[in-house]
There are 2 protein chains.
Amino acid sequence: MATRLSDVAARAGVSVKTVSNVINDYPHITSQTRAKVEAAITALDYKPNVSARSLRKGRSDFIALAIPEMASPYFAELGAAISRAAKRRGITVLIDQTEGEAAAEKLVLDGMRGQLIDGIIFSPITTAPAKIRLADTAKPLVLLGERHPGGHFDHVAVDSVQASFDATTHLISIGRRRIAAIGVGGGAGTGTVRRKGYRKALKAAGLEHDPALELAGTGYHRDDGAASMRELLALPEPPDAVFCFNDLLALGALRTLADAGLSVPGDVAVVGFDDIEDGRYHSPSLTTISPDKDWLAENAVGVLLDRIAGNGEADRRDLTVPYTLQIRESTNG
Amino acid sequence: MATRLSDVAARAGVSVKTVSNVINDYPHITSQTRAKVEAAITALDYKPNVSARSLRKGRSDFIALAIPEMASPYFAELGAAISRAAKRRGITVLIDQTEGEAAAEKLVLDGMRGQLIDGIIFSPITTAPAKIRLADTAKPLVLLGERHPGGHFDHVAVDSVQASFDATTHLISIGRRRIAAIGVGGGAGTGTVRRKGYRKALKAAGLEHDPALELAGTGYHRDDGAASMRELLALPEPPDAVFCFNDLLALGALRTLADAGLSVPGDVAVVGFDDIEDGRYHSPSLTTISPDKDWLAENAVGVLLDRIAGNGEADRRDLTVPYTLQIRESTNG
DNA sequence: CTGAAAGCGCTTACAG
DNA sequence: CTGAAAGCGCTTACAG
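An account of the accompanying structure is given in this report.

Calculation criteria
Residues numbered from 1 in each chain as written. Chains lettered and ligands numbered in written order. Predicted model: local features only at pLDDT ≥ 70, side-chain atom pairs only at ≥ 80, totals over all residues. Heavy atoms only, no water. Least-squares fit on C-alpha atoms with pLDDT ≥ 70 in both. Contact = heavy atoms within 4.5 Å. Pairing = 2+ DSSP bridges. Helix = DSSP H or I, 4+ residues; strand = E, 2+ residues; numbered from the N terminus. Axes fitted to C-alpha atoms, helices over the stretch in contact; angles between N-to-C directions. Salt bridge = Lys/Arg side-chain N within 4 Å of Asp/Glu carboxyl O. Buried < 20%, exposed > 50% of the residue type's maximum accessible area, 1.4 Å probe, protein only. Near = heavy atom within 4 Å. Polar contact = N/O pair within 3.5 Å; in protein donor to acceptor, adjacent residues only side chain to side chain. Core = buried A, V, L, I, M, F, W, Y, C linked by side-chain atoms within 4.5 Å. Phe/Tyr/Trp six-rings, centres within 6.5 Å; stacked < 30°, edge-to-face > 60°. Lys NZ or Arg CZ within 6 Å of the ring centre and 35° of its normal. Buried area = accessible area lost by both parts, 1.4 Å probe. Nonpolar A, V, L, I, M, F, W, Y, C, P; charged D, E, K, R; others polar.

### Details of the relation of the copies chain B and chain A
Item 1. With an RMSD of 0.1 Å, chain B superimposes on chain A once it is rotated by 180 degrees and translated 0.0 Å along the axis. The relationship between the two copies is best expressed as a two-fold rotation axis. If distances are taken from each C-alpha of chain B to the rotation axis, the shortest is found for Ser51 of chain B, at 2.3 Å.
Item 2. Looking at chain B, 98% of its interface residues are interface residues in chain A too, so the copies touch through the same face.

Now the structure itself:
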């Protein structure tokens, strides 16, 4: 049988209320009493029962992180950062893989997990952000991913339009003129928003955008990038640069270029988005947009906890994650 | 206020017991009653309170997965597989990053999370497996990682000695004679066990092992592999092949070889261990030992749930994960 | 097959 | 500063 609060109280010769006070760090306890209780806790190796506490308080100190897939490096790195940020505040993160299924995403929005969790950080991929509504009973929610007008939730994201503008402008600045984009059809608005920045940069440089150079693909993985790059190389007039809307696409594209015997950046320059570790070690290393993931994690958790703490009526917050353009070998050979 | 069981009962015109029976799928309920109850559940959008259920039943249907770091691709892929396997059985997985800290690993072993979880799947990296003991109050535990004699727990792992033997023998079979090993000092026995297979293969082929060719490094990441490879290249007589004890080390080594202008596998052949997706897309693609991660996940979860279900006294189980040697460009240019 | 009641282990007004 | 008691929302013997 596990040790209970009352066992500790009995051993310390105080009431359960006093033990509870010590555990929850309430004031007005003599250091003598505290010491007695702490000794009993140690002696009995007492651990509070989370279920009971959560049932009574209506708070569990668990939050959920709902992401498309944890095996995808960007989400793995993000999940690690969010877990760390939460742990620092005594919060545990439950990671939920939606695998981009609408049904799973709906479950998230329905306030999954039978009220165990206190709130959700949600990175949607199938559900359009504008369509997200929560049941009245549902928990506070912070959205990750592209900004969208008229959203109903707190939101933490990179300014994708600006970042994509910067990435494309960098390619222009090294003399490229026929610049393709891969990932235009990406989920939950990513493709649309990043294309906007890409086109804006072309326009600012006086270049026409060529629809034949904008590849949608079916997903955001290495194989999608590899396939899109093959399509581009089959064009009568292939591109001299590619802006891939995430690093995984870029790594797939690099693989196709290597197979084709083309040099990077000599024949084709490549830029990604996310700055996953993989790209830093690749040969050639990958130029990419590097969002500050620790900042993102820290703030997503912070905003969510604020909301949980009761600022239900406060204004919706919209935080913009700092980023840098990391110039590496794939554009700077 | 959230809907409670009693609200459902009231609306359906039955007792709470009956509602509970329906939810928990107990027999002896007329289909009429069941229909009434289900209608009420739907109408009220009722979700059972997990904390209350868990407090009462003493089971939460949560298990923990404790791994060194979720941003490491192998663990990310494994975590994804284990989450999926658990979800299929109605179990939720809590992922715990120990970051290889002894203190965090100790917390795991102390039966962390105040009894919320029903059991633990643990991949130790700092704590020597032989040293693992659990408090009496602790939960069932399944160990991942290297096998060790005299262990006290269920265990699921690749036969690393055999797999390392196969990897090394493959290098010998393509004509290499000066074969280095990177990762010899790896945590929780991995380095030792894989070196054993490596040496065994050399011996079987009549080759001496050369201590100068066995690199310990400080970790199992890309930068460790890159650094170790630099050391090897600085040798008076560099190797013509390297067996890296995981793929991350191998990818780091490949980067160093690329920087040095050496050809792979022409000058140096490289083999890894884990078969992470990264290695499949790298140029050159990475030859590696590929453990069946889905098999591992399925069985780790299965064994743990068996144990939770009450086979506390049953014999300790020792499952061996199937693997294949995936021959790719890094040894087969 | 169903109902009334106890109890899982906490926290928290309420008295003192 | 401390104690006795209620109650969070379930499940489960126990009666009927």
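Here the narrative resumes, following the displayed structure.
### Let's talk about the sheet that holds strand S2 (residues 92-97) of chain B
All names here are of chain B.
Item 1. Read from one edge to the other, the open sheet built from 6 strands follows the order S2-S1-S3-S4-S5-S11, with strand pairing classed as parallel. Here the strands that pair on one side only, and so sit at the sheet edges, are S2 and strand S11 (318-321). Across the sheet, the axes of successive neighbouring strands diverge by a mean angle of 20 degrees, strand direction being ignored.
Item 2. Bridge analysis of strand S4 (residues 141-144) against strand S5 (residues 154-158) gives 3 bridges, and the strand direction is parallel. Counterpart to Val142 in the pairing with S5 is Asp154.

### Let's talk about the pattern of salt bridges
Item 1. In the structure shown here, the tally under the stated rule is 40 salt bridges over all chains.
Item 2. When the shortest N-O distance is used, the salt bridge between Arg222 of chain A and Asp278 of chain A registers 2.2 Å. Of this pair, Arg222 of chain A sits in helix H9 (residues 222-233) while Asp278 of chain A sits in helix H11 (residues 277-281), and the two are 56 residues apart along the sequence.
Item 3. The exposure class assigned to Arg222 of chain A is buried, which follows from its relative accessible area of 3%.
Item 4. Residue classification places Asp278 of chain A among the buried residues on the basis of a relative accessible area of 5%.
Item 5. Measuring nitrogen to oxygen at the nearest pair gives 2.6 Å for the salt bridge that ties Asp154 of chain B to Arg307 of chain B. Here Asp154 of chain B, found in strand S5, pairs with Arg307 of chain B, found in helix H12 (residues 293-308); they are 153 residues apart in sequence, far enough to count as distant. Arg307 of chain B shares its class with Asp154 of chain B; the two are buried.
Item 6. What you see here is one network of salt bridges that share partners, running through Arg222, Glu277 and Asp278 of chain A together with Arg222, Glu277 and Asp278 of chain B.

### A look at the protein's contact with DNA strand C
Item 1. By nearness alone, 25 residues border DNA strand C, and Tyr46 and Arg56 of chain A together with Ser15, His28 and Arg56 of chain B come closest of all.
Item 2. Within 4 Å of the protein, atoms of DNA strand C come from sugar and phosphate in 68% of cases.
Item 3. In the environment of DNA strand C, a phosphate oxygen lies 2.9 Å from a nitrogen or oxygen atom belonging to the side chain of Ser20 of chain A.
Item 4. Contact distances for DNA strand C include 3.5 Å between a phosphate oxygen and a backbone N or O atom of Asn49 of chain A.

### Some remarks on the protein's contact with DNA strand D
Item 1. Lining the immediate surroundings of DNA strand D are 25 residues, of which Ser15, His28 and Arg56 of chain A together with Tyr46 and Arg56 of chain B lie closest.
Item 2. Restricting attention to atoms of DNA strand D within 4 Å of the protein, one finds that 68% of them are sugar or phosphate atoms.
Item 3. For DNA strand D, a phosphate oxygen lies 3.3 Å from a polar atom in the side chain of Thr33 of chain A.
Item 4. Those elements giving two or more residues to the surface near DNA strand D turn out to be helix H2 (16-23) and helix H4 (50-57) of chain A together with helix H2 (16-23) and helix H4 (50-57) of chain B.
Item 5. The biggest single contributor to the surface near DNA strand D is H4 of chain B, with 5 residues.

### Thoughts on the nonpolar core
Item 1. Counting residues in hydrophobic clusters, the biggest one holds 137 residues, and the most contacted among them are Ile121 and Leu144 of chain A together with Ile121 and Leu144 of chain B.
Item 2. When near neighbours in sequence (up to four residues on either side) are disregarded, Ile121 of chain B contacts Ile63, Ala64, Leu65, Ala66, Ile82, Val142, Leu144, Ala300, Val301 and Leu304 of chain B.

### Observations regarding unusual backbone geometry
Item 1. With an omega of 5 degrees, the peptide bond between Val264 of chain A and Pro265 of chain A qualifies as cis.
Item 2. Not every positive phi belongs to a glycine, and Asp274 of chain A is a case in point at roughly 130 degrees.
Item 3. Within the element layout of this structure, Asp274 of chain A appears in the loop between strand S9 (269-273) and H11.
Item 4. Unusually for a residue other than glycine, Asp61 of chain B sits at a positive phi of about 60 degrees.
Item 5. With respect to the element layout, Asp61 of chain B can be found in the loop between H4 and strand S1 (62-67).

### Observations concerning the packing of aromatic side chains
Residues and elements named next belong to chain A.
Item 1. Per the counting criterion, the structure on display carries 4 aromatic pairs over all chains.
Item 2. Ring geometry for Tyr74 and Phe75: centres 5.4 Å apart, planes at 70 degrees, overall edge-to-face. A single burial state applies to Tyr74 and to Phe75, both of which are buried.
Item 3. Over the face of the ring belonging to Phe273 we find Arg194, whose NZ or CZ atom lies 3.6 Å from the ring centre.

### Focus: the interface of chain B and chain A
Interface size is commonly expressed as the accessible surface area that is lost when the partners come together.
Item 1. In this complex, chain B contributes 46 residues to the contact, which on the side of chain A involves 46 residues.
Item 2. Contact between chain B and chain A buries roughly 4300 Å² in total, counting both sides, with carbon and sulfur atoms accounting for 53%.
Item 3. Summed over the shared surface of chain B and chain A, the number is 6 salt bridges.
Item 4. In this structure, the salt-bridge partner of Glu277 of chain A is Arg222 of chain B, at a minimum N-O distance of 2.6 Å.
Item 5. At the junction of chain B with chain A, the criterion picks out 14 residue pairs in polar contact (both at pLDDT 80 or more).
Item 6. Mapped onto the side of chain B that touches chain A, the elements with two or more residues apiece are H4, helix H5 (73-88), S2, helix H9 (222-233), helix H10 (247-259) and helix H11 (277-281) of chain B.
Item 7. Class assignment for the residues of the side of chain B that touches chain A results in 18 nonpolar, 14 polar and 14 charged.

### What to know about the sheet that holds strand S12 (residues 323-326) of chain B
Residues and elements named next belong to chain B.
Item 1. What the 6 strands build is an open sheet, ordered S7-S6-S8-S9-S10-S12; its pairing is mixed. Of all strands in the sheet, those with a lone pairing partner are strand S7 (214-215) and S12, marking the two edges.
Item 2. Pairing of strand S8 (residues 241-244) with strand S9 (residues 269-273), which is carried by 3 bridges, proceeds in the parallel orientation. Residue pairing across strands places Ala241 opposite Ala269, the latter belonging to S9.

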